[in-house]
Amino acid sequence: MTSAEPVAPITVFLVDDHGLFRAGVRAELERGAAGDPPLEIVGEAGSVDEAVAGIGHLKPQVVLLDVHMPDGGGAAVLARVRPEQPDVVFLALSVSDAAEDVIAVIRGGARGYVTKTISARELGDAVRRVRAGDPVFSPRLAGFVLDAFSDRPGAAPAVDPELDLLTKRERDVLRLLARGYAYKEIAGELFISVKTVETHVSSVLRKTQLSNRYELSRWASDRRLV
Amino acid sequence: MTIDTSRAAAEPASAGDPGGPSRAKTELRCFLELFVLCGFVVAQPLFDVAGRSPDFFLFRRAGAADILVLVALTVLGPPLLLWAGEAVVGLISGRLRRVAHLLAVAGLLLLLTIELAKNLTSIRGWPLLLLGVAGGVADHLGVDVLWVRAAFVALAAANGAGVIAYGLLWVFVRQEAADVHREITAKERQQAMGLAALGIGIGLAGAALQNQVVGWIVGPLGVAAVGAAVVWREADEAQRRRWTSGARSGILGGGRNAVLRIVAGGIFVAAGIVVFLLGNLGLGQLQFAVLAVLATLVGVGVLTVPWWIRLARDFGEERRQRIVTAERAEIAAHLHDSVLQTLALIQKQSQDPREVQRLARGQERELRHWLYGPSGYGRGGDPAAVEPETLAGALRAAAGEIEDTYAITVNPVTVGDRPLGDDGGLRALVLAAREAMVNAAKHAGVDEVSVYAEVEEDEVNVFVRDRGKGFDPDAVDPDRHGLADSVHGRMARHGGTVRLRSTPGEGTEVHLAMTHHEQETSA
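Residues numbered from 1 in each chain as written. Chains lettered and ligands numbered in written order. Predicted model: local features only at pLDDT ≥ 70, side-chain atom pairs only at ≥ 80, totals over all residues.

A. Structural view of the overall build of chain A. Tallying secondary structure elements over chain A gives 11 helices and 6 strands in all. Out of the 226 residues in chain A, the part that is buried amounts to 45%. Counting contacts in chain A only where the partners sit at least 6 residues apart, residues at least 24 apart contribute 70% of the total. (Helix = DSSP H or I, 4+ residues; strand = E, 2+ residues; numbered from the N terminus. Buried ≥ 20, exposed ≤ 12 C-beta atoms within 10 Å, placed from the backbone. Contact = placed C-beta atoms within 7 Å.)

So this is what it looks like as structure tokens:
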């Protein structure tokens with residue numbers, strides 16, 4: 001249901017090699033919930049090549065990207081589209097819970113990662129949030145990132161503290177994300193504004209993407225993506 | 001001639017080393033030189049490659065012992081082989097042995113230089129063909145082919161190091177399939193062959209002029225080397241034909257021509273060795289027979305080097321294929337036993353959403369564990385292996401039980417991990433967390449519960465959270481044993497703490513904390 005407000009819908013492009021899954025997501029997102037800003041599915045693709053061509057042609061605002069596909073999967077789409085169209089925002093959507101997969105697409109440039117079991121409502125929210133420029137961290141992704149940045153005895157010292165270490169505040173925010181808190185709840189818990197929470201999460205996302213920490217680069221290279 | 005003295009020097013070494021510590025010291029020094037150089041030239045790059053492609057070990061399911069053996073072979077094998085070769089040469093003449101050692105060191109140094117240049121220029125892949133070696137090296141160094149060839153020739157003139165380096169590169173550097181790289185024209189190849197022959201010639205002539213003794217030794221050996229090269233080249237051709245035709249021909253595959261070439265090469269080698277033996281040694285019949293047998297063995301070994309190498313490679317490839325096939329069968333069997341059965345059950349139960357949810361979630365969990373678990377399929381581990389009991393594993397298992405029993409979704413996220421240990425502290429923590437999950441499942445009225453565990457250096461924190469009804473902790477009926485006994489009591493007995501936060505309408509969060517310190521003293 002599109003509401004009566006004159007808000008332009010967010011254009012979304014679906015990339016997944018399972019036609020059945022695409023159809024399901026399309027139905028869920030287009031149905032939407034009353035009152036939410038509408039989403040418009042402008043196109044779908046079932047392979048890397050189709051996705052690159054479709055995204056180039058249709059110029060969607062948000063791409064929902066499957067991680068596992070033949071010919072390189074989501075990482076390949078990211079690698080080919082991002083240099084050409086830096087404005088397109090990617091949200092990875094996968095059944096995989098493996099750290100390699102999650103970290104690989106995040107480092108490839110995706111602004112969020114959610115698993116396919118996410119409810120339609122939450123998926124819609126996630127799309128809107130990445131569109132607005134905020135990262136989407138599922139609890140599991142938050143756990144992986146915490147794990148990667150944790151200071152284990154014997155770990156290599158940080159090369160670039162700016163990128164290789166999390167601040168205490170960022171750590172707190174990540175912990176609450178991993179515990180399943182929403183941004184608003186985190187803001188309440190830490191007595192900071194939602195905007196500040198978003199800033200912290202964005203900073204964590206940037207560090208996750210750019211840091212040279214061994215754990216992150218190892219997870220990424222396990223999927224042949226550095 | 002030097003023969004008498006050198007034999008005198010060689011014999012003690014073979015007869016129990018009465019030559020004393022200086023002899024042993026020299027041997028040790030020779031070996032160490034080879035060891036260090038081989039370490040740089042052979043072992044280090046191999047480890048580099050192995051480190052970058054763990055697939056190799058994954059495919060073979062290699063354990064720590066296998067890897068250790070491989071490492072030992074890689075580190076010790078090449079220098080031991082070279083050293084043994086030198087020792088055999090040393091049986092004939094001490095001077096020859098020194099020459100052999102110098103050659104080996106020179107060759108290794110050259111390889112090291114190339115290796116360094118490769119690393120510095122960060123060019124990957126070795127698109128080298130027989131007699132395209134110079135071209136390949138030139139590609140790497142980014143210089144004109146002619147310069148590299150000239151360098152090979154120059155090096156060849158210097159005691160034949162260039163020839164050895166060229167040969168070593170050709171034998172040990174893996175070829176790529178023909179379609180991978182650029183065409184090497186016949187003209188180029190001829191040019192290279194001519195230059196190589198020129199190099200060998202210059203090397204031999206130079207050596208013969210400089211020193212007659214060296215000439216005597218190197219001359220026949222040079223003939224033998226040419227013979228070996230002819231045979232090796234044949235093996236190389238056979239390999240290439242195999243790529244182009246796709247047919248699996250044997251070592252001698254390639255018809256009469258190939259046999260002729262191999263026989264010719266063999267004769268070259270044999271002739272070279274015989275001439276060398278006859279020319280250099282005034283031997284008695286018995287000694288000559290023994291040495292001839294040894295020389296033949298060495299000759300056969302030398303001739304078959306490329307076959308051994310390629311045989312090992314092909315064998316590895318076939319083994320890989322077999323393993324891949326076996327893996328496929330295993331996946332199919334697993335999917336049949338688990339996923340298909342569950343789907344059948346789901347179809348039967350389709351009128352009961354709760355049961356469908358339970359089945360689907362249980363199957364998902366099982367498959368996920370099989371794929372991505374610590375010893376899971378996707379990790380290259382053996383899914384059937386028994387894992388050590390860890391906190392993360394125990395929490396996962398507890399979450400699974402709750403999911404099965406109450407048909408809800410429990411998502412455990414763990415950061416860090418540690419073994420459960422024997423003293424019961426962490427076990428109590430897991431049981432308390434399980435009880436908290438049960439409470440959430442029973443009373444909160446939600447279909448999803450978040451579980452988060454973080455293992456820190458001195459403390460483990462577990463949070464169990466739901467967004468359900470919530471309750472007023474102060475108004476809890478003291479008869480409710482779940483919270484009082486299972487959670488509070490259990491944690492308190494092991495020195496842990498429980499914090500409970502619940503707001504009616506917003507949900508409940510149970511925070512369980514257990515310090516490690518407690519366990520270590522009691523353990």
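Past the structure itself, the notes keep going.
B. Expanded view of the overall build of chain B. Of the regular secondary structure elements, chain B holds 17 helices and 5 strands. Counting the 523 residues in chain B, one finds 29% classified as buried. By sequence separation, contacts in chain B at least 24 residues apart represent 69% of the contacts at least 6 residues apart.

C. View of the sheet that holds strand β3 (residues 62–66) of chain A. All names here are of chain A. The strand order across the open sheet built from 6 strands is β2-β1-β3-β4-β5-β6, with neighbouring strands paired in parallel fashion. Looking at the sheet topology across the chains shown, the edges are occupied by β2 (39–45) and β6 (136–137). Two strands pair when backbone bridges link them, and strand β1 (residues 10–15) and β2 are joined in this way by 6 bridges, in the parallel orientation. Across the sheet, the residue bridging to Val15 is Ala45, located in β2. (Pairing = 2+ DSSP bridges.)

D. Geometry of the pairing of strand β4 (residues 497–503) of chain B. All names here are of chain B. Here β4 pairs with strand β5 (residues 507–515) via 7 bridges, running antiparallel. Each bridged residue has a counterpart across the sheet, and for Thr503 the counterpart in β5 is Gly507. If you look at the hairpin formed by β4 and β5, you'll find 3 residues sitting between the two strands, and Gly505 has a positive phi there, around 90 degrees.

E. Inspection of helix α8 (residues 168–178) of chain A at higher detail. Those residues of α8(A) that sit buried are Val173(A), Leu174(A), Arg175(A), Leu176(A), Leu177(A) and Ala178(A). For α8(A), the secondary structure elements touched by its buried residues are β6, α6 (139–149), α9 (183–190) and α10 (194–210) of chain A together with β1 (409–415) and β2 (448–455) of chain B. Residue Gly180(A) follows α8(A) closely and has a positive phi angle near 95 degrees.

F. Geometry of the interface of chain B and chain A. At the interface, 13 residues of chain B touch 12 residues of chain A. Listed by contribution, the elements that provide at least two residues to the side of chain B that touches chain A are α13 (353–372), β1, β2 and β3 (459–466) of chain B. With 4 residues, the single largest contributor to the side of chain B that touches chain A is β1(B). Its residues placed into classes, the side of chain B that touches chain A shows 5 nonpolar, 5 polar and 3 charged. (Nonpolar A, V, L, I, M, F, W, Y, C, P; charged D, E, K, R; others polar.)

G. Examining the sheet that holds β3(B) more closely. All names here are of chain B. Ordered in space as β1-β2-β3-β5-β4, the 5 strands form an open sheet in which the pairing is mixed. Of all the strands in the sheet, the pair left with one neighbour each is β1 and β4. Strand-to-strand twist across the sheet, computed as the mean angle between neighbouring axes with direction ignored, equals 10 degrees. (Axes fitted to C-alpha atoms, helices over the stretch in contact; angles between N-to-C directions.)

H. Examining the nonpolar core more closely. With 102 residues, the main nonpolar core has Leu91(A), Ala433(B) and Met437(B) as its most contacted residues. In terms of residue count, helix α15 (residues 425–444) of chain B provides more of this core than any other element does, 12 residues in total. When residues no more than four places from it in sequence are discounted, the contact partners of Met437(B) are Ala398(B), Ala399(B), Ile402(B), Val410(B), Val449(B), Val451(B) and Val464(B). Grouped together as the second largest cluster of nonpolar side chains are 18 residues, Leu37(B), Leu82(B), Ala100(B) and Leu103(B) included. (Core = buried A, V, L, I, M, F, W, Y, C linked by C-beta atoms within 7 Å.)

I. View of the packing of α13(B) against helix α14 (residues 391–406) of chain B. Residues and elements named next belong to chain B. With their axes 8 Å apart at the nearest point, α13 and α14 run at an angle of 160 degrees to one another. Taken together, the axis directions place α13 and α14 in an arrangement best described as roughly antiparallel. Between α13 and α14 lies a crossing whose hand is left-handed. Residues Arg358, Arg361, Gly362 and Arg365 of α13 pack against Gly400, Glu403 and Asp404 of α14. Residues belonging to the contact of α13 with α14 are distributed by class as follows: no nonpolar, 2 polar and 5 charged. (Parallel < 35°, antiparallel > 145°, perpendicular 65-115°, else oblique. Left-handed = near helix turned anticlockwise from the far one by under 90°.)

J. Structural detail: helix α3 (residues 73–81) of chain A. Residues and elements named next belong to chain A. With 7 of 9 residues buried, α3 is to be regarded as a mostly interior element. Those residues of α3 that fall on the buried side of the exposure criterion are Gly73, Gly74, Ala75, Ala76, Val77, Leu78 and Val81. Its buried side turned inward, α3 meets β1, α2 (48–58), β3, β4 (89–94) and α4 (99–108).

K. Just the confidence of the model for chain A, in detail. Per-residue pLDDT for chain A has a mean of 82; in total, 88% of the residues score no lower than 70. Mean pLDDT per element in chain A: helix α11 (residues 214–222) of chain A is the minimum at 68, and β3(A) is the maximum at 91. (pLDDT = per-residue confidence, 0-100.)

L. Representation of unusual backbone geometry within the structure. Even without being a glycine, Phe191(A) presents a positive backbone phi close to 55 degrees. Within the secondary structure, Phe191(A) is located in the loop between α9 and α10. On the neighbour-count criterion, Phe191(A) (7 C-beta atoms within 10 Å) is exposed. Phi at Ala407(B) takes a positive value of approximately 55 degrees, unusual for a residue other than glycine. Here Ala407(B) lies in the loop between α14 and β1.

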